[in-house]
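Summary of structural features
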Amino acid sequence: MIKLFATKIDYFLKVFEVKKYLNRRYLDYFLLAFSLFLGLYLDWDITNILIFVFVIWQILYPLSRLTLSKISLVLIALLPVLFFLKEEDLTEKLAILVFCLLSLTFAMTISERLKTRKGESI
Amino acid sequence: MKNIRINEIKKFFTINKSYLLIFLIFTLVFVYGRNFGDRESLFSDKSEQLARLSAGVYDLKNSNELTIERVVNVSPGISYRLFFNLSAMLNQQGSRKSGEKLAVEVLLGNDLGDEKLLQTYNLSSGEKQLAIENIFSSDNYYQYLKIRKIDPDYQWLVTIFDISEFALDVKNQSEISSLKPSIKGITDLNQQIQSNDAGGPDAEFKFSRKNQKIGQVFTADSNLISEIELKMEIIGTGGAGNYQAELHEHDPTNGISADRLAYYKFDAGHLVDRLASGSEKNSYRIPLVAKLVKGKQYVFLLNNLEVKFNPINTLKIYGYKRQHGDQKMLSVISGKQKEKSDSLYFKIFAPNYSETQSERILTGAVVQDLGSGRGFYTYKQHGDLTDFLDIFETSNHTSGQDNVFYDNILKGVSAKDLDGNWLTYKFNTIYLFSKFAISLESPGGDFTDSEVFYSFDNIAWEKIKPKERNTAQSDAADKFEAVVFGDGQKKEIFLRVGYSENSSREKKDLINHIGLFGIKNIKVAADLRML
C-alpha cells in the first residue's frame, strides 16, 4: 500500500515537475492555504478559520512561549475594555482566542521543557 | 527506486514531525469538524419568524416592549372583550433562574402616546396562559396592543398569540356584569398515563451510526396517546437535518409493523420548543398522537435517517441499564433489528378535554356573550396536535387502522387516500346559531385533492366546493369557504373531509405521489342566540 502510494507520488512529482517547487517554504504556504480552504469548506465562521490558520502557522513557525504569553496578556487586558464598551460578541470571540493562545503557550512550555531536557542529557 | 522513495518519505516525516502533526490535525478536522449550525438555520429562522408573524404569533425577545399594530381598534364609549394567549420561556443560558416569575403588562396604546393598562400577568418559564379574557370600557381611541416586561430581562421570551377583539352590545357596568361567562375549550395535555421513570437515568444511548433507530416497546394503558416525554441531550449542534419520532404497533413474533401510527419530525435546533415545563433538565415532550388499543403492544422509535451527524454533533437519549418489566428496548441499524436488555426513560401523556353540558368543547373554541341576547362562537386550528385530537370520528375499517394522523410537516391532519377514508369534526355551539361560517385548507401540490362536506345531522351531506383549486405544479393550498344558514334551531354542525377518487387515480401515476390527503387551518365562526 505504502509502495503504491510512493509510486503515485513519484509519478506526480515527475509529471508536474513539482519537485523543483517542493522546498519547505512552498509546502508551508500550501499548508496554510489548505487550512484556510478547509475552514471555508467546513462552513466555519471567520474567527474560527483565523484561529485554525494561526494554530497551523504556530506549528510550522513556533513563537516562543514568552511571545505567546505576552500576546495573551495584552489580549486579556483588552477584554474588560471591550466588555465595558458593550461589544459583547467581540469580547466573546476574543476570549476564545485568548483561551487558544493560553493553550498554545502551555503546549509550547512543555515542548521547550522537553527540548531543554534533551539538550541537558546530551 | 521505490524503496528509496519510501525511505525518503519516512525520513521527511521523521525530520519534520510538525508536518505529521499537521497531517493528523487536517485528518481529524476533516472527519469531525463540519459545522452543522449556521447559514441554513439562520435562513430558516428568518422564514420561521415571518411565518409566525403571519400566523398571528408575536414574540417579545430581545427588547423590553412590543407594540402590535392592527390587532385592536378601540373607540370611546364602547365596551370590548379581548382574548389572547400568553406564554413565557426562559432561554437555556438563563436556566439558572428557573423558578422565578416574570411580570408582564398588557396595555392598549395610541399614536398620541396614551396608554391604558389592561392587566399585569406573572408568568413562570414554560407556562402558557390560554384564552385570557379581558373585558373593558374605553374612554379613548386606541390602535395598538402593547406587551411590556416590568423588569427588563432579555433572557425571557414572551409570546402573545391568538389575539381577538369583540365589541360588546352593552350600555353600562351592570349590563357587563350580567353577561354570561364565556365557555372556552381548553385541552389539558398534561395527563400522565404511563411511565417507566425509575429515578435518575443511568445509561445513555447515542446516535452514532447512519440509519439508526432507537426505540422502546410498551403495552398501552389507555386508548389514546398525545405525547411522549423523553430525556435527551443535544451533543454539539446535534447534527443537520430532521430526527423523526415514530409510533408503530409491535407484535412479539413479527416485530415492528410497517405502518406508522404517528410520526413527528424535529431538528436539534428546535428541540428547545418541546422542553417539558416544570420537569427535570433535558426532558422533552414529543407529540405522537394516535388512537391505541389498551393492552396491545406498541413501539416508539427515534431515527436519524435524514440527519447528517458526527460523534461530536449528535443526539443522545437517556435510559436505564436494565429492562423495565417485560418491555424491550430496540436498536435498529440499517434495517437490522436488535433487542437490548436496557430500557429508555419515558412518560406517556393523554389529553383531557373540557366539557360543557356533557358536550366536548373543541380546543381553543370560545362561546361568548356579546350582550343584548347575541353571542358568538369561534374556533381556529393552530397546526398542532390538538387539530388531530379535535376530530370527532374517522372511517373505521375492519383492520382497525383508520390511517389518519397528525402531520407536523403539513401542520394539519393527513390521511391515506384509500379504502374511502374520511374524518369528521363536530362543532357544538352550545347555543342555537343562525349563521355559520367555515373556512379551511387542503394541502394541494402532490397531495390527493380533498373533498369537504357539511351536515346538520351527520347523515345528509352537502358538498363545499373549493374556492381555489391549485394544480400539482403549485405548492399552494386549496381553499374551501362556506357560509351556512341554519333554521335557527340547530346547535350542531358536522364537517367531513374525504378525498377525490379521480384525483387519487390521476396522482397515482406521478413519480412523487405521496398517497395522502389532508386538511389544515380550519376556522369557524357562528352567530348565536343567547336567550
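Residues numbered from 1 in each chain as written. Chains lettered and ligands numbered in written order. Predicted model: local features only at pLDDT ≥ 70, side-chain atom pairs only at ≥ 80, totals over all residues. Heavy atoms only, no water.

**Observations concerning the overall build of chain B**
Secondary structure assignment for chain B yields six helices and 35 strands. The 531 residues of chain B split such that 48% are buried. At a minimum sequence separation of 6, the contacts of chain B that also span at least 24 residues come to 80%. About 25900 Å² of surface is accessible on chain B, with carbon and sulfur atoms providing 50% of the total. (Helix = DSSP H or I, 4+ residues; strand = E, 2+ residues; numbered from the N terminus. Buried < 20%, exposed > 50% of the residue type's maximum accessible area, 1.4 Å probe, protein only. Contact = heavy atoms within 4.5 Å. Areas by Shrake-Rupley, 256 points an atom, 1.4 Å probe, with all protein chains shown as cover.)

**Focus on the overall build of chain A**
Each helix and strand in chain A was counted, giving five helices and zero strands. Starting at the N terminus and walking to the C terminus, you meet the elements of chain A as α-α-α-α-α. Scored against the burial criterion, the 122 residues of chain A give a buried share of 28%. Long-range contacts, defined here as pairs at least 24 residues apart, represent 55% of the contacts in chain A between residues at least 6 apart. Total accessible area computed for chain A in this model is approximately 9100 Å², and 72% of it derives from carbon and sulfur atoms.

**Points about the environment of Gly-238 of chain B**
Residue and element names in this part refer to chain B. Its place among the elements puts Gly-238 in the loop between β13 (224-235) and β14 (240-251). Using a relative accessible area of 0% as the deciding quantity, one classes Gly-238 as buried. It is 5.3 Å that separates the C-alpha atoms of Gly-238 and Ala-268, two residues lying 30 residues apart in sequence. Each residue touching Gly-238, except ones within four places of it in the same chain, is listed here: Tyr-243, Ala-268, Val-307, Asn-313 and Thr-314.

**Looking at unusual backbone geometry**
Residue and element names in this part refer to chain B. Not every positive phi belongs to a glycine, and Asp-162 is a case in point at roughly 60 degrees. For Asp-162, the position within the fold is in strand β8 (residues 156-168). Here Asn-521, not a glycine, exhibits a phi torsion of approximately 50 degrees, which is positive. Along the chain, Asn-521 falls in strand β35 (residues 516-529).

**Section: the sheet that holds strand β3 (residues 79-90) of chain B**
All names here are of chain B. Sheet architecture is open: four strands sit in the order β1-β8-β3-β6, paired in antiparallel fashion. For this open sheet the edge positions go to β1 (57-60) and β6 (128-137), each flanked by a neighbour on one side alone. Ignoring which end each strand starts from, the neighbouring axes of this sheet average 30 degrees apart. Both β3 and β6 contribute to a ladder of eight bridges, which runs antiparallel. Note that in β6 the partner of Leu-82 across the bridge is Asn-134. (Pairing = 2+ DSSP bridges. Axes fitted to C-alpha atoms, helices over the stretch in contact; angles between N-to-C directions.)

**Some remarks on the environment of Pro-152 of chain B**
Tracing the chain through its elements places Pro-152 of chain B in the loop between β7 (142-149) and β8. Spatially, the C-alpha atom of Pro-152 of chain B lies 7.8 Å from that of Ser-63 of chain B, the residues being 89 residues apart in sequence.

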